[in-house]
Amino acid sequence: MASTAAVVPRIKLGSQGLEVSAQGFGCMGMSAFYGSAKPESDMIQLIHHVVTTGVTFLDTSDFYGPHTNELLIGKALKELGLRGKVELATKFGLSMKDGKIDICGDPDYVRAACEASLSRLGVECIDLYYIHPIDIRVPIEVTMGELKKLVEEALQMEWSLWSRDLEVEIVSCCRELGIGIVPFSPIARGFFASGPELIQNLPDGDIRKTMPRFKPENLEQNKRVYEQLSGMASRKGCSPSQLALAWVQNQGNDVSPIPGTTKIQNFNQNVGALSVKLTKEEMAELESFGAADVVSGDRYANMTFTWLNSETPPLSS
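Quick notes on the rules
Residues numbered from 1 in each chain as written. Predicted model: local features only at pLDDT ≥ 70, side-chain atom pairs only at ≥ 80, totals over all residues. Heavy atoms only, no water. Pairing = 2+ DSSP bridges. Helix = DSSP H or I, 4+ residues; strand = E, 2+ residues; numbered from the N terminus. Contact = heavy atoms within 4.5 Å. Axes fitted to C-alpha atoms, helices over the stretch in contact; angles between N-to-C directions. Buried < 20%, exposed > 50% of the residue type's maximum accessible area, 1.4 Å probe, protein only. Polar contact = N/O pair within 3.5 Å; in protein donor to acceptor, adjacent residues only side chain to side chain. Parallel < 35°, antiparallel > 145°, perpendicular 65-115°, else oblique. Left-handed = near helix turned anticlockwise from the far one by under 90°. Nonpolar A, V, L, I, M, F, W, Y, C, P; charged D, E, K, R; others polar. Phe/Tyr/Trp six-rings, centres within 6.5 Å; stacked < 30°, edge-to-face > 60°.

### Considering the sheet that holds strand β4 (residues 57–59)
Right, so step 1: Judged by pairing direction, the sheet is parallel, and its four strands sit side by side in the order β3-β4-β5-β8 without closing on themselves. Of all the strands in the sheet, just β3 (25–26) and β8 (128–131) have a single pairing partner and so form its edges.
Right, so step 2: Of the strand pairs in this sheet, β3 and β4 are connected by two bridges, and their pairing is parallel. Bridge pairing in β4 places Gly26 opposite Asp59.
Right, so step 3: Along the sheet, helix α3 (residues 107–121) makes contact with β5 (87–92) and β8, crossing β5 at roughly 135°.

### Examining helix α10 (residues 264–272)
Right, so step 1: Considered for burial, the residues of α10 that qualify are Phe267, Asn270, Val271 and Gly272.
Right, so step 2: Considering only its buried residues, α10 is in contact with β3, α1 (40–53) and α9 (240–249).

### Concerning the environment of Ser288
Right, so step 1: If you trace the backbone, Ser288 turns up in helix α11 (residues 280–289).
Right, so step 2: For the pair Ser288 and Trp162, spaced 126 residues apart in sequence, the C-alpha separation works out to 9.7 Å.
Right, so step 3: At 2.5 Å, the side chain of Ser288 forms a polar contact with the backbone oxygen of Glu285.

### A word on the packing of α1 against α10
Right, so step 1: Interaxial distance between α1 and α10 falls to 10 Å at its minimum, and their mutual angle equals 20°. The angle between α1 and α10 places the two elements in the roughly parallel class. The crossing of α1 and α10 is right-handed. In this structure, α1 contributes Gln45, Leu46, His49, Val50 and Thr53 to the contact, and α10 contributes Ile264, Phe267, Asn268 and Val271.
Right, so step 2: The residue makeup of the contact of α1 with α10, split by class, is five nonpolar, four polar and no charged.

### A word on unusual backbone geometry
Right, so step 1: Between Gly65 and Pro66 the backbone carries a cis peptide bond, its omega angle lying at -5°.
Right, so step 2: Tracing the sequence through the fold places Pro66 in the loop between β4 and α2 (68–80).
Right, so step 3: Positive phi values are uncommon outside glycine, yet Asp98 reaches one of about 55°.

### Things to note about the packing of aromatic side chains
Right, so step 1: Scanning the model with the defined rule gives 11 aromatic pairs in all.
Right, so step 2: Measuring from ring centre to ring centre gives 6.0 Å for Phe25 and Phe267, while their planes differ by 80°; the resulting arrangement is edge-to-face. On the criterion of sequence distance, the pair formed by Phe25 in strand β3 and Phe267 in helix α10 is long-range, its members being 242 residues apart.
Right, so step 3: Overall, the relative accessible area of 1% leaves Phe267 in the buried class.

Below you can see the structure in the form of structure tokens.
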């Protein structure tokens, strides 16, 4: 098993001077989507452990809860006196309207959302501010124009052994422009930690129950990815999740993945991935496990919210 006492290195994320821990921490599951919200005191304790371990890059969104995750992070930062010790990322663009998800990229909304997040987090500035999904009704130049007035330095997208569509053109574009990359769900929403058993143990209301890759008609094929990963992990002396996370970490020194968890022992496992070293041959072998023609099912039941469906109208002259 890879050590959990690994020193967390730091990287420069993008070209604007932001420096973060090479592994970040996704906070979403504390408050939303992966079952019910977890006890606040336990989550504040977890955040304290995360930051004192050296993982200082915290990722949240105004949509997680909604709003409750930002409030939790804000309370933790205040109670623990951590603001000067963390790099804080949050997002805008999603809200609930009449029981349905609404996407908005209007400039006034961008600024109002930022101000509301600042208030909930109890901070004077947000280190990294993302568009959550792109509003395809608004020219991207309009949304980005307002965002540029605030600050943008990185791109966050799903990237794991079985979610690799951004490798086609996004990664090279980011590197050409000096944009850092923040992969979310680097261990396949927990699948690379538990395999098919994950699905059997999900609570009611967990969003993963709606995801095609976890449906019975796809799971039989996809469990082979986990089985191959487990075999190689056994040879490497680490866990399957550490090996999958190490593959993402080894994509470059401009990449800081943000695995999330609500348990300290799982967090320690994730940090241990930093000590897993991979050769070029091992990287290639891992990539073969999750090739596009191997994985069955889309990432989401509704792929509308992904970059593959983010074409916006042209800016009017």
